[in-house]
Amino acid sequence: MDATNPKLTSEARERLIAAFLELYRSKPWHKISVMEIVQAAGYARGTFYRHFSGVDDLLRQVEAENTCTAVCRHIIVNAPAIPLEDATDAMASFYENRAETVAVLAAGSNGNNYLDAQRPPMKTMFAALLTRGFVMTPLQLDVASEYIASAKVGMVRLWLGKREHMSLNQINKMSECFIESDLWNFVARQAPKHGGPQPRKVIDDKPFDYPWLG
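Computed from a predicted model, the values in this text were never measured in an experiment.

## Points about the overall build of the chain
The number of helices and strands found in the chain is 12 helices and two strands. Secondary structure elements of the chain, listed N to C terminal, follow the sequence α-α-α-α-α-α-α-α-α-β-α-α-α-β. Within the chain, the fraction of its 214 residues that count as buried is 42%. Considering only contacts within the chain whose residues lie at least 6 apart along the sequence, 69% involve residues at least 24 apart.

## Things to note about the packing of aromatic side chains
To describe a pair of aromatic rings, one takes the distance between the centres and the angle between the planes. Under the counting rule described, the total for this entry stands at four aromatic pairs. Here Phe48 and Tyr49 contribute two aromatic rings whose centre-to-centre distance is 5.2 Å and whose plane-to-plane angle is 80 degrees, an arrangement assigned as edge-to-face. Residue class for Phe48 comes out buried when judged on its relative accessible area of 0%. Measuring from centroid to centroid gives 5.1 Å for Phe94 and Tyr95, while their planes differ by 85 degrees, and the two rings are edge-to-face. When sorted by exposure, Phe94 lands in the same class as Tyr95, which is buried. These aromatic residues form a ring-pair network of at least three members: Phe48, Tyr49 and Phe52.

## Considering the pattern of salt bridges
Enumeration according to the criterion identifies 11 salt bridges in this entry. Salt-bridge contacts for Glu65 lead to Arg13; the nearest nitrogen and oxygen are separated by 2.4 Å. Of this pair, Glu65 sits in helix 4 (residues 55-65) while Arg13 is found in helix 1 (residues 6-24), placing the two residues 52 residues apart along the sequence. What makes Glu65 partly exposed here is its relative accessible area of 37%. Connected through shared salt-bridge partners, Arg119, Lys123, Asp142 and Glu146 make up one network.

## Observations concerning helix 5 (residues 69-77)
Along helix 5, the residues classified as buried are Val71, Cys72 and Ile75. Along the axis of helix 5, the buried residues cluster in a sector spanning 95 degrees; they form a single face. Turned more than 90 degrees away from the buried face of helix 5, the exposed residues are Ala70, Arg73 and Val77.

## Here's the deal with the nonpolar core
Looking at soluble globular proteins, one finds that nonpolar side chains tend to be buried together. Core analysis: the largest hydrophobic core is formed by 57 residues, its most contacted members being Phe20, Ile37, Tyr95, Met122 and Trp159. Ignoring sequence-local partners within four residues, the contact set of Phe20 consists of Trp29, Ile32, Ile37, Val55, Leu58 and Leu59.

## Considerations on the environment of His74
Tracing the backbone through its elements, the reader meets His74 in helix 5. The class of His74 is partly exposed, set by a relative accessible area of 26%. It is 9.1 Å that separates the C-alpha atoms of His74 and Met125, two residues lying 51 residues apart in sequence.

## Some words on the packing of helix 6 (residues 84-96) against helix 9 (residues 119-133)
In contact at an axis separation of 10 Å, helix 6 and helix 9 are set at 165 degrees when each is read in the N-to-C sense. When the interaxial angle is binned, helix 6 and helix 9 end up roughly antiparallel. Crossing of helix 6 against helix 9: the hand is right-handed. Judged by residue contacts, Leu84, Ala87, Thr88, Met91 and Tyr95 of helix 6 engage Met122, Met125, Phe126, Leu129 and Arg132 from helix 9. Split into classes, the residues belonging to the contact of helix 6 with helix 9 amount to eight nonpolar, one polar and one charged.

## Some details on the environment of Ser33
Structurally, Ser33 is set in the loop between helix 1 and helix 2 (34-41). For the pair Ser33 and Val55, spaced 22 residues apart in the sequence, the C-alpha separation amounts to 7.1 Å.

## A few points about the side chain of Asn110
By the element assignment, Asn110 lies in the loop between helix 7 (99-107) and helix 8 (111-116). On the basis of relative accessible area, Asn110 is assigned to the buried category, the value being 16%. Among the polar contacts listed, one links the side chain of Asn110 to the side chain of Glu63, at a separation of 2.9 Å. Among all residues touching Asn110, those that are not within four sequence positions of it are Tyr24, Trp29, Leu59, Glu63 and Leu105.

About the thresholds
Residues numbered from 1 in each chain as written. Predicted model: local features only at pLDDT ≥ 70, side-chain atom pairs only at ≥ 80, totals over all residues. Heavy atoms only, no water. Helix = DSSP H or I, 4+ residues; strand = E, 2+ residues; numbered from the N terminus. Buried < 20%, exposed > 50% of the residue type's maximum accessible area, 1.4 Å probe, protein only. Contact = heavy atoms within 4.5 Å. Phe/Tyr/Trp six-rings, centres within 6.5 Å; stacked < 30°, edge-to-face > 60°. Salt bridge = Lys/Arg side-chain N within 4 Å of Asp/Glu carboxyl O. Arc of directions from axis to C-beta. Core = buried A, V, L, I, M, F, W, Y, C linked by side-chain atoms within 4.5 Å. Axes fitted to C-alpha atoms, helices over the stretch in contact; angles between N-to-C directions. Parallel < 35°, antiparallel > 145°, perpendicular 65-115°, else oblique. Left-handed = near helix turned anticlockwise from the far one by under 90°. Nonpolar A, V, L, I, M, F, W, Y, C, P; charged D, E, K, R; others polar. Polar contact = N/O pair within 3.5 Å; in protein donor to acceptor, adjacent residues only side chain to side chain.

Set out below in structure tokens:
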């Protein structure tokens, strides 16, 4: 293989990852050897070590690439101009576009840690969006953003077991219809009476472009 050719280098990395994920379907990551991965991918051990320091490094890289951190950061930067519904739609598309990989990672021996890692970037993102709509104390903001982020990770868990019947976007729409459609109006009405977050004017919804979906 020509290691100086970016296309071939990228192809080798993707094939190594695919081989690992196939093995990870049936055994814990720490029981997968480098030799098994390179044999399944059709490469030598040297090719593996040009990309990863070990199986644990490969797993960490794949999990990081399939965590919504970059999406959430982009939304945070554009928080003044993005509707809350569009933010959740974008996150649903992020997971749906890589559903097979996400499913393997979530079901694997490090699956709970992988899913738990989705919550912090979501929490930071929702905190930015909530700050746009409400004047909150730090504690109020922490509680509200933690609540929403935990609920969204729970929906990802639910979706992974029901992908054949419903998309993550549909699950989000159901929750918005059943629970969230009037939730923030209720908060805006009731919270001031009980020392809760004070509503501020929320910007008008308008179309927003998500470059990572292109």
